Amino acid sequence: MAKNGNDAEIDEGLYSRQLYVLGHEAMKRMQISNILISGLRGLGVEIAKNVILGGVKSVTLHDQGVAEWKDLSSQFYLREEDLGKNRAEVSQLRLAELNSYVPVTSFTESRLTGVCVFDQVVVLTNSSLDEQIRIGDFCHSNGIKLIVADTRGLFGQLFCDFGEEMTMFDVNGEQPLSAMISMITKDSAGVVTCLDEARHGFESGDFVTFTEVQGMTELNGCDPSQKPPSLFICDTSSFSDYVRGGIVTQVKMPKTVAFKSLSSSMAEPEFMVTDFAKFDRPGQLHMGFQALHAFEKKHSRLPKPWSQSDADELVALAEEVNAAQSGSAKQEQLDQAIIKKLSCVAAGDLAPINAFIGGLAAQEAMKACTGKFMPIMQWLYFDAVECLPEAEDAVLTEEECAPRNCRYDSQIAVFGSKLQELLAKQRYFLVGAGAIGCELLKNFAMMGLASGEGEVIVTDMDTIEKSNLNRQFLFRPWDVTKMKSETAAAAVKQMNPSIRITGHQNRVGTDTEKVYDDDFFESLDGVANALDNVDARMYMDRRCVYYCKPLLESGTLGTKGNVQVVIPFLTESYSSSQDPPEKSIPICTLKNFPNAIEHTLQVTFFNLFFGMNFWCLDSGAPFWSGPKRCPHPLEFSTNNDLHMDYIMAAANLFAQSYGLPGSTERSALTKLLQDIKVPELEELKTLLPSTEAASQFKLCPIDFEKDDETNFHMDFIVAASNLRAENYDIPPADRHKSKLIAGKIIPAIATTTAAVVGLVCLELLKIVQGHKKLESFKNGFMNLALPFFAFSEPIAAPKHKIDWTLWDRFEVKGIQPNGEEMTLRQFLDYFKVILHFHSGKLVLVYSWFTLCYSLRMNTNWRSLCSLREFPCSTLSSCLRPSLKNGWTCRELVLLILETS
C-alpha cells in the first residue's frame, strides 16, 4: 500500500480538486501529520472520514465502547450485525478503504496520553469533561494540538487549542490581489494610483510588493503596508522619478496566534458566533454543556429524552455551574428554556448535526496540520432548535421518544416516532450523485428517509473518475468507470438496507421530460439538488415552482458553501435572485494586449512570432504602456523544452484529429526538426497530396478532457499559453494552475461538503414536519477558511398587486363531478367569480398558443377555434391530450388578467 510521508509525492490525479483549495505546500505538511481520533460514534466517524480523504500521514482510531442500537442513526460504518463489537475495530476496516495512502489503525485501551505523544493532532469526541481537561493539559504542555468536538441532539460544541504559538501561513486562502500602476508620487508617504477603474481590493495592513516599475526602481521588491482607497506606502521622496508601468501585488504574511488551554479557556472563553440572530446563545450553551457533564457524572447517564424532571435538574445544575464562575464565562441570567431543550434532546445523536460539526472539526484538524487558514478562536457552539415542532404547546412525551431497539433510536429521542414514520414515506428526487449527492445519500440513509413506503430516485449521467475519490466517499478505486448513481445507490444500501433507492443515468432537462413527467413530479414530496452548474439548477427550480414542490439547494466552492431552501407559497425561488455575472475579459485584450496568464490561457492557438511596432497616442503617452505590453518574437530552438513541448503536443493532437498514430519519442522529433527544410511556396504546392490520396483521411473533432494525462490536451494548452506569455513578458503558469483555469475546475474539499449537507438535511427535517413559518427555515453561508458563518431567514416570495406570488395559480378541474367536460362558458363563469373577489376581470385566455377567449374582440369559442385546421368542440380538446382528465391554468399557457 502506498503511504504518505516526508518523501511521498502528491498524487495530483487523486487530490487535484483539494490541491486547488490547500495548495502543494499545505498538502505536503498534511502528509507528514498523524492524527488521533477518540470516540467512534457518529461524530467521530464523520471526522475520521474527512481527514482520511484529506490525505494525512496516518489516523489512529480510539474507542472502548461497543456498537449499540443508538449508534446506527448516525454511525454510517456500523451495521446491525456489528452490535456488541468494538466501534473502533469495526470502523477501521471500512475507513481504511477511503484512501490507500493513509494507514488507519485502531486502539482500544483506556489511557490515551501514552499514544498521544506520537501524534500532531488529537481529536476528542464523546468524552467526559474530566478526560477533556486531563488530555487538554497534557497536549498543551507537550505541543500537541487539541480539538474537542461534541454533539448532543440538536446542539453542537467545538473547541480548539493549537498551542501558545501557532503560525498560520495563509489566513483566508484567497488568491493574492494584484493591480497595474498608473502613477506613484514622490512624497513622505508615496501614493500609488492603480490603473483599473474598479477598486483595487487591498485593505489596511496588507503587505504588497512591486514589480516592473520603470523609473522608481527602488520600489521593486520592497514590502510596504498600505491603506485604502489609495495605496500609501513608504517615503519615496528620495527615490528616482516614476516613469511608467509597474504591478503591485499582495503578499501573504504569516500570522502567529496564541491559544489558551482547555482548563484556562473554560473560565475565560472566546466564542466564535455562528448565528448572529443568537448572539448570546454561545455563553448559555457554554454553561449548558458543563451542566450536562455534571449530570452525566452524577447519574452515569444523560437526561432522558423529553423528561421534565431531568430538564428541571439540568437547569438547577446549570445555575450552580454559572454561580461558580468568576471569569467572563459567567452569565447574568441563564436562559432556562434553551437549557431545558438541551436536556430534552441531549440523548439524541443526529446525522445532520454530526455532519456539520464533523466537517468543521475535520477542517480545524487540517488547519492544525498545515497552518493553512485561520482557526476557530476558540469555542464554537451551534444549535438547530428550529427543527423542533413549531407550535409552542407541542411538547413531546417520554413515551413517544423512548428507545425501541431500532437503528433510529437516537433520532426518535429528539423528534419522536411519528416523524420517523413520515420520513419512511417520503419520495424524494436527488439530482446529482457527486460530492454533495454522496453526502446527501449517506444522511438520507441514516435518517431513515424512504425506508418504508417512500423512495429516493437519484440521477446522474456521469461515470466515476479517479479525481472523484477524494470527496465522493461512496466510491472506491475499483468503481472507476462505473455509473455514479448506481454505485452510490448500492453503497448506501449497505449502510441502511431498508432505504428504497433507484439510480437513473439521465440528464435533467427538456429532453427527459417524458421520463420526469407530470406523474413523476406530482408523486414527489420534494427535490434535492446536488448540481455543479447554474443552468441545471435553474431548470430544476422552474420544475419545482411549476409542480409546487420544495427544493433543497446547496453548493460549495473550496472552503465556501451555501444552503438555500425553497418552500412553495412561502419563499422566493432559486431563480428569483442571481449572482452577478463573472467579470469577462475583452476580446481585444485576449487577442492583442494580454497582460496576465489568464489571458494567454484563453487563447491557445496563436501566431508564435509577433512583429514589434511602436506608436504614440494622441495624448503623447507611448502606445505600449499601461495594460498594453509590448510583445517580442521568440526564436525556435530544439534545445528549449517549452518549444519542444508545444511541437510534440500539437503534432500528436493533429495526428489524433486524422486518426493517425502519435509518438512520444522526443529524440526522434528533435532530429526530424533539425533536419527539416521549409520549402518555398511553389515547391510546397507540388508536395501536397492529391484529392484522391487525401480522401482516405477523415478529420474528426477531439473532445477536450483535462484529467487524462496521456492525451496531450493539457500539454498543448500549457505550452501554448506559456509561449504566448513569454512573448509578452508575463510570468508563466505551471500545469496545475493552467488546468484550473483552462478546465474551469471548481476547487473542492470534503470538509465543506459534509458541513453544507448537514445544514441541508436540517432543513429537510423541517419540511417533512410541515413547518409553515418563514422564521423556522434557515438559508446559510459559510467560509471555513476565515472562519465565517451567516444564517438568515429565506426571502419571502414577493407579492404583486393582488397578493399574487410566483407560487399562486388557479386550480381548475376539467372534468365535473357528473363526468362531463367543462365548457368554455363554465370556465369563464368560474373565473368571473374568482376575479370579482380580486377586483379584476379576465381579458384573454390562451391555450397551447391558441387564443380561446378575448373580452375586447367579443368573440366566442367556436369562431376562435375554427381558425385552426381542426376545430375544437370543447375547451379541453384544445389542450394536450394527456391533460383532458384534469387540468389547471398552468396548462392554459397564458391567462391575461386586468385589475382595477
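Under an unreviewed UniProt entry, the chain has the name E1 ubiquitin-activating enzyme and belongs to Cyprinus carpio. If you open the UniProt record of the chain and go to Sequence similarities (unreviewed entry), you find "Belongs to the ubiquitin-activating E1 family."

So, the side chain of Arg629: which residues are in play, and what are the values?
With respect to the helices and strands, the residue Arg629 is situated in the loop between α19 (597-601) and α20 (641-657). Classification of Arg629 by relative accessible area gives buried; the value is 9%. Side-chain polar atoms of Arg629 contact the side chain of Glu212, separated by 3.0 Å. Beyond its immediate stretch of four places on either side in the chain, Arg629 contacts Glu212, Ile247, Pro594, Asn595, Trp624, Tyr728, Asp729 and Ile730.

Give a description of the sheet that holds strand β20 (residues 551-557) that names residues and reports values.
Here we have eight strands laid out as an open sheet, ordered β18-β17-β16-β19-β20-β21-β22-β23, and mixed in their pairing. Looking at which strands have only one partner, the edges of the open sheet turn out to be β18 (501-504) and β23 (788-792). Averaged over neighbouring strand pairs, the angle between their axes works out to 10° when direction is ignored. With five bridges connecting them, strand β16 (residues 427-431) and strand β17 (residues 455-459) associate as parallel partners. Looking across to β17, one finds that Val431 is bridged to Thr459.

For the environment of Ala267, give the residues involved together with the corresponding values.
By secondary structure assignment, the location of Ala267 is in helix α7 (residues 262-267). Through-space distance from the C-alpha of Ala267 to that of Ser328 is 6.5 Å; in sequence the pair is 61 residues apart. Among all residues touching Ala267, those that are not within four sequence positions of it are Gln325, Gly327, Ser328 and Ala329.

I'd like a description of the pattern of salt bridges, backed by residues and values.
For the structure on display, the rule yields 41 salt bridges. With a closest N to O distance of 3.3 Å, Asp150 and Arg152 form a salt bridge. When sorted by exposure, Asp150 lands in the same class as Arg152, which is buried. Through salt bridges with shared partners, one network takes in Arg17, Asp707, Glu709, Asp715, Arg735 and Lys739.

Which residues make up the packing of aromatic side chains, and what are the values?
Using the criterion set out here, one finds 23 aromatic pairs in the structure. Taking 5.0 Å as the distance between ring centres and 85° as the angle between the ring planes, the aromatic pair formed by Phe429 and Phe520 counts as edge-to-face. Of the two residues, Phe429 is situated in strand β16 and Phe520 in helix α16 (residues 518-522); the sequence distance between them amounts to 91 residues. According to the relative accessible area criterion, Phe429 is buried, its value standing at 1%. Aromatic ring contacts, followed pair by pair, group Phe429, Tyr516, Phe520, Phe521, Tyr546 and Tyr547 into a single cluster. The ring centre of Phe473 lies 4.7 Å from the NZ or CZ of Lys49, which sits over that ring.

Can you lay out the pairing of strand β15 (residues 379-383) for me, pointing to particular residues and giving the numbers?
Across the five residues that make up β15, a large majority, five, are buried. Across the two faces of β15 the burial is the same, with Trp379, Tyr381 and Asp383 and Leu380 and Phe382 all buried. Bridge count for strand β6 (residues 155-161) against β15 is five bridges, and the pairing is antiparallel. Residue pairing in the sheet places Gly156 in a bridge with Phe382 of β15. Both strand β14 (residues 271-272) and β15 contribute to a ladder of two bridges, which runs parallel.

Explain the packing of helix α9 (residues 308-323) against helix α10 (residues 336-345) to me, and be specific about the residues and the numbers.
In the contact formed by α9 and α10, the axes pass within 8 Å of each other and the chain directions differ by 125°. When the interaxial angle is binned, α9 and α10 end up oblique. Crossing of α9 against α10: the hand is right-handed. Residues Gln308, Asp310, Ala311, Asp312, Leu314, Val315, Ala318 and Glu319 of α9 form the contact with α10, whose participating residues are Gln336, Ile339, Lys340, Ser343 and Cys344. In the contact of α9 with α10, the residues fall into six nonpolar, three polar and four charged.

Can you break down unusual backbone geometry residue by residue, with the values?
A cis amide bond links Leu786 to the next residue, Pro787, at an omega of -15°. Tracing the backbone shows Pro787 in the loop between β22 (779-783) and β23. In this structure, Trp306 is a non-glycine residue whose phi angle is positive, near 55°. Residue position: Trp306 is located in the loop between α8 (281-299) and α9. Phi angles above zero are rare outside glycine, and Phe373 is one such case at about 80°. Inspection of the secondary structure assignment puts Phe373 in the loop between α11 (351-370) and β15.

Can you lay out the packing of helix α1 (residues 12-22) against helix α25 (residues 735-742) for me, pointing to particular residues and giving the numbers?
One can describe the packing of α1 onto α25 by two numbers: an axis separation of 11 Å at closest approach and a directional angle of 70°. Relative to α25, the element α1 lies roughly perpendicular. From α1, Glu12, Ser16, Leu19 and Tyr20 reach across to α25, where they touch His736, Lys739 and Leu740.

Tell me what's going on with helix α24 (residues 713-727), and back it up with residues and numbers.
An α-helical segment advances 3.6 residues per turn. Residues three or four places apart therefore align on the same side. Compared with an ideal rise of 1.5 Å per residue, which puts 15 residues at 21 Å, α24 spans 22 Å between its outermost C-alpha atoms and is within 8% of the ideal. Among the 15 residues of α24, 13 are classified as buried, and the element is accordingly described as predominantly covered. Backbone geometry just after α24 places Asp729 at a positive phi near 55°.

Now, about the nonpolar core: what can you tell me, with residues and values included?
Nonpolar side chains in soluble globular proteins tend to be buried together. Within the largest apolar cluster, 165 residues are counted, with the highest numbers of intra-cluster contacts made by Leu154, Phe382, Leu440, Leu441, Phe444 and Leu474. Top contributing element to this core by residue count: helix α26 (residues 750-769), with twelve residues. Beyond its immediate stretch of four places on either side in the chain, Leu474 contacts Cys438, Leu441, Asp479, Ala488, Ala491, Val492 and Met495. Listed in part, the 20 residues of the second largest apolar core include Leu524, Ala536, Leu551 and Val566.

Could you give an account of the sheet that holds strand β5 (residues 145-152), naming the residues involved and the relevant values?
Strand order in the open sheet made by the eight strands is β3-β2-β1-β4-β5-β6-β15-β14, with mixed pairing throughout. Two strands bound the open sheet, and with one partner strand each, they are β3 (104-107) and β14. Sheet topology note: the β5/β6 ladder contains seven bridges and is antiparallel. By the bridge assignment for β6, Ala149 is matched with Leu158. The sheet strands contacting helix α4 (residues 87-95) are β2 (58-62) and β3, and the helix crosses β3 at an angle near 180°.

Procedures and definitions
Residues numbered from 1 in each chain as written. Predicted model: local features only at pLDDT ≥ 70, side-chain atom pairs only at ≥ 80, totals over all residues. Heavy atoms only, no water. UniProt positions renumbered as here; feature names shortened; annotations may be inferred. Helix = DSSP H or I, 4+ residues; strand = E, 2+ residues; numbered from the N terminus. Buried < 20%, exposed > 50% of the residue type's maximum accessible area, 1.4 Å probe, protein only. Polar contact = N/O pair within 3.5 Å; in protein donor to acceptor, adjacent residues only side chain to side chain. Contact = heavy atoms within 4.5 Å. Pairing = 2+ DSSP bridges. Axes fitted to C-alpha atoms, helices over the stretch in contact; angles between N-to-C directions. Salt bridge = Lys/Arg side-chain N within 4 Å of Asp/Glu carboxyl O. Phe/Tyr/Trp six-rings, centres within 6.5 Å; stacked < 30°, edge-to-face > 60°. Lys NZ or Arg CZ within 6 Å of the ring centre and 35° of its normal. Parallel < 35°, antiparallel > 145°, perpendicular 65-115°, else oblique. Left-handed = near helix turned anticlockwise from the far one by under 90°. Nonpolar A, V, L, I, M, F, W, Y, C, P; charged D, E, K, R; others polar. Expected span 1.5 Å × (residues − 1). Core = buried A, V, L, I, M, F, W, Y, C linked by side-chain atoms within 4.5 Å.

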